[in-house]
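The residues making up each chain are set out below.
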Amino acid sequence: MAKHWWKALAVLILTYTIIAGFTHKIPIIGTNGQSSRGLYFHVPMWICMYTMFTISVVNSLRYLAGYDLRKDALASAAGGVGVFYGVLGFATGTLWATYTWGSTFTSDPKQMLTAVALLIYMAYLVLRMSISDIDKRARISAVFNIFAFALLIPLTYIIPRMVDSLHPGSASTPGFASKDTDNNMKAVLYPAFLGWTLLSVWIFTLVVRYKKLELKNIFK
Amino acid sequence: MINKAFSFCCTFMLLLVSLLADAQQQNTEKGPVNEFFRSNDKIYVIVGVLLIIFTGIVIFLISLERKISKLEQRDRLDR
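## Remarks on the overall build of chain A
Part 1: Of the regular secondary structure elements, chain A holds seven helices and zero strands.
Part 2: Ordered by position from N to C terminus, the α and β elements of chain A give α-α-α-α-α-α-α.
Part 3: Against the globule reference of 17 Å for 220 residues, chain A gives a C-alpha radius of gyration of 19 Å, in line with a compact fold.
Part 4: If you line up chain A on its principal axes, its C-alpha atoms span 60 × 45 × 25 Å.
Part 5: When each of the 220 residues of chain A is scored for burial, the buried share is 40%.
Part 6: Taking all contacts inside chain A whose residues are at least 6 apart in sequence as the whole, residues at least 24 apart take part in 73%.

What follows is the structure, encoded as C-alpha cells:
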C-alpha cells in the first residue's frame, strides 16, 4: 500500500481539478467565454507529454551509456505514452480552436509546429517497429530519440514564442504565463499540472511493466 | 495488427495536417452542433475537451489490455 499512495493522490487531485475546474470563478476575456477553463485540461496534457519525452530521452542517453536493454524499455514506454498525451493535447486544442480561433486547423505556427514535432515522435515509434534485431533497434532508436528531443524544444516552445501566433504565449499574445494568469486560476492550474502528471506516470509504469514482461526471457 | 493501426493513425494525422493547414475558412456556420458548443458561454467546449481525454484514456486501456492478453496467451503456449 505504501508505494501506491501517489496514485490515490493523483485521483484526489484530479477530482478536485475537475470539480473546481468547472465551478471556480474565472475572468471572462474576449471570445473565450467559459472555454478558458480548458486551461486546466488542455495545458496539462502538454506538461505530461514533456515529462514523458524527458524521461524518454534521459533513458535513451542512459541506454547509450551502458547498453542496458531495461533503459531502452523505459525509453520506448515513455515515448509511446508521450505521443499518446501529445495526441490528446492536439485533439483538445483543435476542439478549443474551433470555437475560439474560428477554425479547427489554422496556419497558426504553434499548431503546425506541434503537429510536426508529434510526427517526428511518431516516426520514432514506427522506427522501433521496423527493426527486428533488439540491440540494433535499441541503439538506432536511442540516437533518433535524442534528435527528436533536440527538435521538440525549438519546434514547440522557442519558435512559437518568437513569431506572432493565435496561441497564448507568443510574441504578440502574452499568454497564461506566471505573471498574467489570474490568481484564482492558478489555484486550480498548478494542482491540475501535478494531478495529470501523476496520472501519466501511473500509465507509464503500467506500460513499463508490460514491456519488461514482454522481454523477460532476455532480461533473465 | 497494432502496426497497421498505428501507421494508419500516422498517415491520417499527416493527411489532416497537410490538407487542412491552409484551410482558412472561418467557422461561423450555424448548425445544431456549432450552436450547442457556443451556448452557455462556450462551456460545452470544455465538456468536449474532457470527453476527448476520457475517451483517449479508455482507448489506451483497451489497447494495453489486448497487448497483455496476447502476452498471456504466448506464455500459455510456452509452457
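## As for the environment of B:Val45
Part 1: Following the sequence through the fold, B:Val45 ends up in helix H2 (residues 32-78).
Part 2: Along the primary structure B:Val45 and B:Pro32 are separated by 13 residues, whereas in three dimensions their C-alpha atoms are 14 Å apart.

## So, the environment of A:Ile29
Residue and element names in this part refer to chain A.
Part 1: Note that Ile-29 resides in the loop between helix H1 (5-23) and helix H2 (39-66).
Part 2: C-beta crowding within 10 Å serves as the criterion here: with 9 such atoms nearby, Ile-29 is assigned to the exposed category.
Part 3: For the pair Ile-29 and Trp-101, spaced 72 residues apart in the sequence, the C-alpha separation amounts to 14 Å.

## Remarks on the nonpolar core
Part 1: Among the nonpolar cores identified, the biggest contains 56 residues, and A:Met52, A:Ala78, A:Val81, A:Tyr85 and B:Val49 are the most heavily contacted of them.
Part 2: Broken down by secondary-structure element, the contributors of at least two residues to this core are H2, helix H3 (69-100), helix H4 (109-130), helix H5 (134-162) and helix H6 (183-214) of chain A together with H2 of chain B.
Part 3: No other element matches H3(A), which puts 15 residues into this core.

## Quick notes on unusual backbone geometry
Outside of glycine, negative phi angles account for most residues, and trans bonds account for most peptide bonds.
All names here are of chain B.
Part 1: One non-glycine residue, Asn-40, lies in the positive phi region at around 50°.
Part 2: Locating Asn-40 in the fold gives a position in helix H2.
Part 3: With 12 C-beta atoms counted inside 10 Å, the residue Asn-40 sits in the exposed group.
Part 4: A positive phi is found at Asp-41, a non-glycine position, where the angle reads about 60°.
Part 5: Note on placement: Asp-41 falls in helix H2.

## A short note on the confidence of the model for chain B
Part 1: Scored by pLDDT, chain B has a mean of 77; 65% of the residues are at 70 or more.
Part 2: The ipTM assigned to the predicted complex is 0.86, against a pTM of 0.87.

## Points about H4(A)
Part 1: Between its first and last C-alpha atoms H4(A) spans 31 Å; for 22 residues at 1.5 Å apiece the expected length is 32 Å, and the two agree.
Part 2: Residues A:Pro109, A:Lys110, A:Gln111, A:Leu113, A:Thr114, A:Ala115, A:Ala117, A:Leu118, A:Tyr121, A:Met122 and A:Tyr124 constitute the buried set of H4(A).

## Details of H6(A)
Part 1: If you check H6(A), its first and last C-alpha atoms are 47 Å apart, about what 32 residues at 1.5 Å a residue would give, namely 46 Å.
Part 2: Residues of H6(A) that are buried in the fold lie against H1, H2 and H3 of chain A together with H2 of chain B.

Cut-offs used in this document
Residues numbered from 1 in each chain as written. Chains lettered and ligands numbered in written order. Predicted model: local features only at pLDDT ≥ 70, side-chain atom pairs only at ≥ 80, totals over all residues. Helix = DSSP H or I, 4+ residues; strand = E, 2+ residues; numbered from the N terminus. Rg over C-alpha atoms; globule rule 2.2 N^0.38 Å. Buried ≥ 20, exposed ≤ 12 C-beta atoms within 10 Å, placed from the backbone. Contact = placed C-beta atoms within 7 Å. Core = buried A, V, L, I, M, F, W, Y, C linked by C-beta atoms within 7 Å. pLDDT = per-residue confidence, 0-100. Expected span 1.5 Å × (residues − 1).

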